[in-house]
Amino acid sequence: MQTKSKFKSKPAEGAYLTIYLSLTFGIVLSLLLALIEGATIGAVRAQAELVADLGMDSIFAEYHRELLNQYELFFIDSSYGGSNGGIGKTETHLKKYMDYNMNPETDLSVLGADTLLKLSNPYLELEEVSFASDNNGAVWKSQAVQYMKAVYGGDLISTVQGHLSTVNGNELATRDIAGELAEQKSAFEETLAEKGIVEYSSESDEGYSYKKVTDISDSLIGDGVLALAMPKGSSISGTTINKTEYISHRIKTNQANKGVGLHSGAPVANGLEDELIYGEYLMKMCGSYTNKKVEGFLAYQLEYILYGKDSDVSNLRTCVERLLALRAVSNFIYLNSDSGKSAEVRVIAAIICTLLLAPELTEILTYIILAVWALAEAVVDVRTLLDNGKVPLLKNSSDWCLGLTNLFDKELSGSKDNANGLSYQDYLRIFLGLMDKKDKVLRSLDIVEMDMRKTQGNENFRIDQCIDYIKADFGFMDAQGHEFVFQKKMCYE
């Protein structure tokens, strides 16, 4: 016989709660695991970004110390003191720094210490670089101009602009008094020859003769003019170079390393003001005849930048000739504006033409004597400049040095230093402002290579191996196989 319980069975109410908590816990656990996974990925990405940043900072910290010391600009020498350089070596340096920062356990002192992220870098490429010599030196020039703008004001640039305006307005750099003199002499002597007059040595009672005029003009034009213009007791450097060893030749012959040029956002230094600022940078960093650079290879560096000859003496001679030409135009303008001096010359010309039985040629001879006088005064001017004196661009009567008596006695000694005039350095500033932009930058980079190669450990220095800007592509991977790909850019500013 079966006995029925007097109690009815009831469902277990706690089971509902267990099921609910189980479902909820599963959801929370999934969320928690997702958050942990996301945090892990974020941590790995953060570490990857940090490793890339530290690597880029490290290679940009390897700027060339001697280049900074002498030229106050920042560039990475991708040869690192070796004979060859380029992107590959810099990429290797970057990889080395990144490997170190990805594996800090190599420096941990605790035995068995390890990093949980296990970051690796299977992919690295320097996609873009800018070399100093890119775009005919535009990268170097841009950094130099920005440096000058940061540390110097604009007063000096305004002064140079004023000098250039005076030079251009009076054709001081384009007119050729020596050429005009040669033409006038040729015309004068052809006319005399037509009249059967071939003897020019007859002198007046005052000692004037056409032969003396021609002798003076011949001495003022030609190879001997450098010795004539040099101060007494001065010496000239005999240093020579092989121009094929430097960057201007490598660029001309397409043998230089090439990057992307000025990167996006880099300032372009190409206007007149930038040209004058770069000229002032060269005045600050390079030597010249009156202001030699102790560390320089060439003694007359600015003269090389201006004229690009293969020896100090050739560059100085060309500079002296250019100075003489400019000063001759300025002096000729003054002589024609001074009624007393031009009248004195006209009297002497009339006396000489009378002796030659050709009074109708007085005006031509007047022009010739004025040009010779202007050139002779120019010799005195240049000697004054080379002796650290000053000469104004345009003279007045108080600035004039050489009298007609000195001229006919061939006595070109003496000088008149004008404290308010321009120095030799000021005239170089003007010439730099007038010269071709491309030649200016490339020859200045030649000078940089010459100077760097004089220093220990930089015997093979090349400016086209020096880097200013890098764009790098990075590929990282963690222990779980997650990949992180991104790009970094960095430059000197």
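Data block above holds the structure.
Residues numbered from 1 in each chain as written. Predicted model: local features only at pLDDT ≥ 70, side-chain atom pairs only at ≥ 80, totals over all residues. Heavy atoms only, no water.

K.L.:
I'm lost on the state of the cysteines in this one. Help?
P.N.:
In a disulfide, the sulfur atoms of two cysteines are covalently bonded to one another. Summed over all chains, the structure comprises zero disulfides. Cys286 forms no disulfide, and the closest cysteine sulfur to it belongs to Cys319, at a distance of 14 Å. Classification of Cys286 by relative accessible area gives buried; the value is 4%. Cys319 sits in the buried class, given a relative accessible area of 0%. (Disulfide = S-S within 2.5 Å. Buried < 20%, exposed > 50% of the residue type's maximum accessible area, 1.4 Å probe, protein only.)

K.L.:
Teacher, can you tell me more about the environment of Glu180 here?
P.N.:
In this structure, Glu180 sits in helix α6 (residues 177–194). For the pair formed by Glu180 and Tyr367, sequence separation is 187 residues and the distance between their alpha carbons is 9.4 Å. The residues touching Glu180, leaving out its near neighbours within four places in the chain, are Arg175 and Tyr367. A polar contact of 2.8 Å, which involves the side chain of Glu180, links it to the side chain of Arg175. At 2.3 Å, the side chain of Glu180 and the side chain of Tyr367 are in polar contact. (Helix = DSSP H or I, 4+ residues; strand = E, 2+ residues; numbered from the N terminus. Contact = heavy atoms within 4.5 Å. Polar contact = N/O pair within 3.5 Å; in protein donor to acceptor, adjacent residues only side chain to side chain.)

K.L.:
Explanation requested: the side chain of Asp312 in the structure shown.
P.N.:
For Asp312, the location among the structural elements is in helix α12 (residues 312–337). Buried charge without a salt bridge: Asp312, with Lys292 as the nearest opposite-charge side chain at an N-O distance of 8.7 Å. Excluding residues within four positions of it along the chain, Asp312 makes contact with Ser237, Thr239, Leu298, Ala299 and Tyr300. (Lys, Arg positive; Asp, Glu negative; His and termini not counted. Salt bridge = Lys/Arg side-chain N within 4 Å of Asp/Glu carboxyl O.)

K.L.:
Can you walk me through the packing of aromatic side chains in this structure?
P.N.:
Two measures describe an aromatic ring pair: the distance that separates the ring centres and the angle between the ring planes. A full pass over the atoms with the stated rule returns 18 aromatic pairs. Ring geometry for Tyr71 versus Trp140: centroids 6.0 Å apart, planes at 65°, classification edge-to-face. On the criterion of sequence distance, the pair formed by Tyr71 in helix α2 (residues 65–71) and Trp140 in helix α4 (residues 134–151) is long-range, its members being 69 residues apart. Residue classification places Tyr71 among the buried positions, given a relative accessible area of 1%. (Phe/Tyr/Trp six-rings, centres within 6.5 Å; stacked < 30°, edge-to-face > 60°.)

K.L.:
Help me understand helix α13 (residues 339–355), please; the structure alone is not making it clear to me.
P.N.:
Because an α-helix packs 3.6 residues into every turn, residues spaced three or four apart end up facing the same way. Taking 1.5 Å of rise per residue, the 17 residues of α13 would be expected to cover 24 Å, and the 25 Å separating its terminal C-alpha atoms lies within 8% of that figure. Listing the buried residues of α13 in full gives Lys341, Ser342, Val345, Ile348, Ala349, Ile352 and Cys353. Along the axis of α13, the buried positions cluster into a sector of 135°, meaning they face one direction only. Residues of α13 that are exposed and angled more than 90 degrees away from the buried face: Ser339 and Thr354. Its side-chain oxygen at 3.0 Å from the backbone nitrogen of Gly340, Asp338 defines the N-terminal cap of α13. Positioned one or two residues after α13, Leu357 has a phi angle of 60°, which is positive. (Expected span 1.5 Å × (residues − 1). Arc of directions from axis to C-beta.)

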